Amino acid sequence: METRKPPQDFTLRVRRYDPESGQAPYWDEHTIQLEPHRSVLEGLLQAKGRFDGSIGVRCSCKAAICGSCGVRVNGQPGLACHTHLGAALKSAKDGVIEIEPMGNMPVIKDLIVDMDAVHWKKIARVTPWLLADEDNVPEREHIVPKEAMVDVTQSMACIQCGACVSDCLSMELDPLFIGPAALAKAYRFVGDPRDVQQVQRLEDLAQDPHGLYACTHCFKCIDACPKGVAPMSQIMRLRRRAGSDHHIKDANNGFNHEHAFVKNIRRNGLLHENDLLTDSFGGKLSPAAGAFMARSLPVITRALLRGKATLKVALSHPHKAPADVKRIFDTIEARPERVEFNPYITGTDEDNAPNPPAEAPQTGPHAGQEATA
Amino acid sequence: MRKVAYWPGCVSRGFTPELHGSMAKVAPLLDLELIELDRACCTGAGVIAEHNQELADTLNARTFALAQQEISKGAQLMMNICSTCQGAQSECQERLDASAEYRAQVNETLAPEGLEYTAGITNKNFLWMLVEEIGLDVLEAKVTRPLTDLKVGPFYGCYIVRPVSRLGIDDEHPRDTYLPQVIQALGGTVIDYAGSHKCCGFPIITMSTETSLKQAGRHLGDAKDANADCLVTPCPLCHLNLDLQQPLAAKAVGRTLDMPVLHLPQLVGLALGLSPKELGLQRHVVKPTAVIDWTTSVVGGVEAGSAA
């Protein structure tokens, strides 16, 4: 393994920028010497110590716990202290490890971004504390079923580093989007049985035009997160709770779109795009559908003229779902409770099988560690 | 002849019929026999999973089981032509393969029709097939009309590049670098631009229309600024936002775009000598005039002015 390798040279290309200087950002290169299993953060600190004390970088624990040293390494967001120099060199385009500040947040200096201006504002937006029943405070602690707390462990693993915020593709074009970190935090309370305002929380997030339904489902945050929180998966769980459990009909067509899609496939087997579009806005006769279709009319006309879609396909959709597909929909939709299998929590057969630790009372790789919040 | 259990998806037979059509034309040239899974249903495109995971997992297990029937009859693997299908199916497969107990429950729902999914199906997008099964050297040898001087920007679609672990992207299978490799094998020039691995915006077109159109417009604009003649994508849903919606995307970002977007089989087909008409290029909303000299059916970059 890499741990045994001797120190070697690594060249770091660091993006430098001091907004107060009035000068444009520029790149700086330093060659440091360390073992390949040491971190990019250690490399940066060596460069700072040996060559240029003015490099701005925020850090504290050096152990992927405090979440201070979020940066982009070769374009990928993550923690500088959690990225090996050897691995970083492998993903480098030209043999030089490129280190930039995180995206979607203003730079204060060099690699330090303004977390207050973006990340913490968004976290504050989702009321990030427990709203317990204050009229019925238990004499001692709240007793909750363990499964319910295991359900929120994944979202609780967040260390607030901002890596997911850095690369959120919805936020890139819609800076007001609440974003992955804050929405994952929201699930932490929506999924907590002690919270008495779950429905209000969901209603609030669903109705916000930059909220629950503004996530574009790009998986960026899942790959960015150094702690396996999978913020996008938490957003989808929020949507399931909002749409399927509480039937919250939002003004952003989120509920309509999801239900129109499901109905569409149940009926047709294959997606019938035209019905989906109109149903997503609340049906063919709804004003919102009319407005969208009117706006799209030139596009639709052009598509028809080009023979891209024929009127027959656009309007009638010849394909119908086989009977067993309908039966699958009916069987599963009729279950009293949704079955939601999350390998993060329960572990996979591979995790659980080969040499099961004799004493392990938990099954999942992460289960138990925070189950008693 | 290499037989594959072929899942074309919905949009390739709906609003982008030229995709399914061009794949059918290209397949024999690559010695592929497509055994169409015509009873299979939509993958859910992430939306059914968002609604009910077990439902999405069961519908896709059904498709996998149908594919496995073909595989037992001689098909090599399952193939799709849609990034979103690949991602949605890989997500369900990840859960189905992770637990025998969960799989048994899903199979119980499939049992009345005699269907059963056995863990470990191989399901590859056409892009992965080209590199991993057919081989770039074989592809290159089949090129009869190299895409000389054609500057092509790759556009993957989120579902086929993230999350990397679920999609089997590693040092041995750098699947997030395959598009440039294919473009080069076809004789074209790869354009490196900011948007190649970003989101087209399609999933939120009805919910956050402005953001969605701005996403499409931003990436198309970046490709234009990088001097691309056209984009190529393995995802028909991206194609909807990038091509069908391009006039609206151009308005949203306040600039002209005029960026032709080709489906992957169309780009391959052009290099293998098929005519633009056979590949349905006339059906695109944005006319691919930068790609094709319509009078001679020869491919060439506009700036290069080549009609050789």
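Residues numbered from 1 in each chain as written. Chains lettered and ligands numbered in written order. Predicted model: local features only at pLDDT ≥ 70, side-chain atom pairs only at ≥ 80, totals over all residues. Heavy atoms only, no water.

1. Brief notes about the overall build of chain A
Helix and strand counts for chain A stand at 17 helices and seven strands. Judged by the C-alpha coordinates and their principal axes, chain A covers about 70 × 65 × 45 Å. For chain A, the accessible area works out to roughly 17400 Å², and carbon and sulfur atoms hold 54% of it. Within chain A, the 47 negative side-chain charges are centred at a point lying 6 Å from the centre of the 44 positive side-chain charges. (Helix = DSSP H or I, 4+ residues; strand = E, 2+ residues; numbered from the N terminus. Areas by Shrake-Rupley, 256 points an atom, 1.4 Å probe, with all protein chains shown as cover. Lys, Arg positive; Asp, Glu negative; His and termini not counted. Charge placed at Lys NZ, Arg CZ, Asp CG, Glu CD.)

2. Describing the overall build of chain B
Secondary structure summary: chain B contains twelve helices and ten strands in total. Taking 19 Å as the expected radius of gyration for a compact globule of 308 residues, we find that chain B reaches 19 Å, a close match to that expectation. Intrachain contacts of chain B at a sequence separation of at least 6 include 76% that bridge at least 24 residues. Distance from the positive charge centre (25 side chains) to the negative charge centre (35 side chains) of chain B: 6 Å. (Rg over C-alpha atoms; globule rule 2.2 N^0.38 Å. Contact = heavy atoms within 4.5 Å.)

3. Comments concerning the pattern of salt bridges
The tally for this structure, following the rule as stated, stands at 45 salt bridges over all chains. Residues Arg38 of chain A and Glu35 of chain A are paired through a salt bridge, measuring 2.9 Å at the closest nitrogen-oxygen approach. Judged by relative accessible area, which is 27%, Arg38 of chain A ranks as partly exposed. For Asp57 of chain B, the salt bridge identified is with Arg95 of chain B, shortest N-O distance 2.9 Å. Taken together, the residues span a long stretch of sequence, with Asp57 of chain B in helix 3 (residues 53-72) and Arg95 of chain B in helix 4 (residues 83-98) at a distance of 38 residues. Each member of the pair Asp57 of chain B and Arg95 of chain B is classed as buried. Put simply, Asp151, Arg237, Arg240, Arg241, Asp245, Arg338 and Glu340 of chain A are held in one network by salt bridges that share partners. (Salt bridge = Lys/Arg side-chain N within 4 Å of Asp/Glu carboxyl O. Buried < 20%, exposed > 50% of the residue type's maximum accessible area, 1.4 Å probe, protein only.)

4. What to know about the interface of chain A and chain B
Between chain A and chain B, the contact holds 68 residues from the first and 77 residues from the second. Summing the contributions of chain A and of chain B, the shared interface buries around 6500 Å²; its carbon and sulfur component is 60%. With its nearest N and O atoms 2.7 Å apart, the salt bridge here joins Glu54 of chain B to Arg335 of chain A. Counting across the chain A and chain B interface gives 21 residue pairs in polar contact (both at pLDDT 80 or more). When contributions to the side of chain A that touches chain B are tallied by element, the ones reaching two or more residues are helix 6 (169-173), helix 9 (220-224), helix 10 (231-245), helix 11 (254-268), helix 12 (273-280), helix 13 (287-305), helix 14 (311-316) and helix 15 (323-333) of chain A. Broken down by element, the side of chain A that touches chain B gets its largest block of residues, eight residues, from helix 15 of chain A. Class assignment for the residues of the side of chain A that touches chain B results in 31 nonpolar, 17 polar and 20 charged. (Buried area = accessible area lost by both parts, 1.4 Å probe. Polar contact = N/O pair within 3.5 Å; in protein donor to acceptor, adjacent residues only side chain to side chain. Nonpolar A, V, L, I, M, F, W, Y, C, P; charged D, E, K, R; others polar.)

5. Notes on helix 4 (residues 146-156) of chain A
All names here are of chain A. Across the eleven residues of helix 4, nine count as buried, placing the element largely inside the fold. All of the buried residues in helix 4 are Ala148, Met149, Val150, Asp151, Val152, Thr153, Gln154, Ser155 and Met156. For helix 4, the elements touching its buried residues are helix 7 (180-190), helix 10 and helix 16 (343-346).

6. Observations regarding the nonpolar core
All names here are of chain B. In terms of nonpolar packing, the biggest core is built from 49 residues, with Leu30, Leu32, Met79, Phe126 and Val268 touching the most fellow members. Looking at this core, the elements with two or more residues in it are strand 1 (2-7), helix 1 (17-26), strand 3 (77-80), helix 6 (126-134), helix 7 (136-142), helix 8 (178-185), strand 7 (230-233) and helix 12 (264-271). When sequence neighbours within four positions are dropped, the list of residues in contact with Val268 reads Val26, Leu30, Phe126, Leu130, Leu139 and Leu186. (Core = buried A, V, L, I, M, F, W, Y, C linked by side-chain atoms within 4.5 Å.)

7. Notes on the sheet that holds strand 7 of chain B
Residue and element names in this part refer to chain B. Strands sit in the order 6-5-7-8 across an open sheet of four strands; the sheet is parallel. Edge positions in the open sheet fall to strand 6 (189-190) and strand 8 (261-263), since each of these has one partner strand only. Across three bridges, strand 5 (residues 151-154) lies against strand 7 in parallel orientation. When the sheet's bridge partners are listed, Val152 is paired in strand 7 with Cys230. (Pairing = 2+ DSSP bridges.)

8. Here we look at the packing of helix 3 of chain B against helix 4 of chain B
Describing two packed helices takes the angle between their axes plus the distance from one axis to the other. Residue and element names in this part refer to chain B. The N-to-C vectors of helix 3 and helix 4 enclose an angle of 100°; their axes lie 9 Å apart at closest approach. Classified by the angle their axes make, helix 3 and helix 4 are roughly perpendicular. Here helix 3 contributes Gln53, Ala56, Asp57, Asn60, Ala61, Thr63 and Phe64 to the contact with helix 4, which in turn contributes Ala88, Gln89, Cys92, Gln93, Arg95 and Leu96. (Axes fitted to C-alpha atoms, helices over the stretch in contact; angles between N-to-C directions. Parallel < 35°, antiparallel > 145°, perpendicular 65-115°, else oblique.)

9. So, the sheet that holds strand 4 (residues 123-125) of chain B
Residues and elements named next belong to chain B. If you walk across this open sheet you meet the four strands as 2-1-3-4, and the pairing is parallel. Since the sheet does not close on itself, it has two edges, and those belong to strand 2 (32-36) and strand 4, each with one partner. Mean inter-strand twist for the sheet, computed between neighbouring axes without regard to direction, equals 40°. Relative to strand 3, strand 1 runs parallel, the two sharing four bridges.

10. Some thoughts on unusual backbone geometry
The omega torsion across Arg162 of chain B and Pro163 of chain B is -10°, close enough to zero to call that bond cis. Unusually for a residue other than glycine, Gln160 of chain A sits at a positive phi of about 60°. With respect to the helices and strands, the residue Gln160 of chain A is situated in the loop between helix 4 and helix 5 (163-166). A relative accessible area of 13% means that Gln160 of chain A is categorised as buried.

11. So, the confidence of the model for chain B
Residue and element names in this part refer to chain B. Mean pLDDT over chain B stands at 94; residues scoring 70 or higher make up 95%. Counting interchain partners and residues more than four positions distant, the pLDDT-below-50 stretch residues 302-308 has 14 contacts. The ipTM, which scores confidence in the relative placement of chains, is 0.93 for this predicted complex, and the corresponding pTM is 0.92. (pLDDT = per-residue confidence, 0-100.)

12. Topic: the pairing of strand 4 (residues 76-79) of chain A
Two faces, one strand: in a regular strand the side chains alternate between the faces of the sheet. Residues and elements named next belong to chain A. Relative to strand 4, strand 3 (residues 70-73) is paired through four bridges, and the arrangement is antiparallel. Paired with Gly70 across the two strands is Leu79, which belongs to strand 4. Hairpin connection between strand 3 and strand 4: a loop of two residues separates the two successive antiparallel strands, and Asn74 in this loop has a positive phi of roughly 50°.

13. So, the confidence of the model for chain A
Overall, the prediction assigns chain A a mean pLDDT of 90, with 91% of residues at 70 or greater. Note on residues 359-373 of chain A: pLDDT under 50 across the span, and 27 contacts to partners over four residues away in sequence or across chains.

14. Considering the domain arrangement of chain A
All names here are of chain A. Domain annotation for chain A reports domain 1 (8-113), domain 2 (119-132 + 146-245) and domain 3 (267-340). A straight line from the C-alpha centre of domain 1 to that of domain 2 covers 28 Å. The interface is formed by 15 residues belonging to domain 1 together with 15 residues belonging to domain 2. The largest share of the area that domain 1 buries against domain 2 comes from Pro77, Asn104 and Met105, three residues that together contribute 43% of it. In this structure, the connection of domain 1 to domain 2 is made through one salt bridge. Where domain 1 packs against domain 2, one counts seven residue pairs in polar contact (both at pLDDT 80 or more). Those elements that place two or more of their residues in the side of domain 1 that touches domain 2 are strand 3 and strand 4. With three residues, strand 4 is the largest single contributor of residues to the side of domain 1 that touches domain 2. Within the side of domain 1 that touches domain 2, the residues separate by chemical class into seven nonpolar, seven polar and one charged. (Domains from an automatic or database assignment.)

15. As for the packing of aromatic side chains
Think of a pair of aromatic rings as described by two things: how far the centres are apart, and how the planes are tilted against each other in angle. Under the criterion given, the structure shown has three aromatic pairs over all chains. Between Phe341 of chain A and Tyr102 of chain B, the aromatic rings sit 4.9 Å apart at their centres with planes inclined by 20°, giving stacked as the arrangement. You can see Phe341 of chain A sitting in the loop between helix 15 and helix 16 and its partner Tyr102 of chain B sitting in helix 5 (residues 100-110), one on each of two chains. For Phe341 of chain A, a relative accessible area of 11% puts it in the buried group. (Phe/Tyr/Trp six-rings, centres within 6.5 Å; stacked < 30°, edge-to-face > 60°.)

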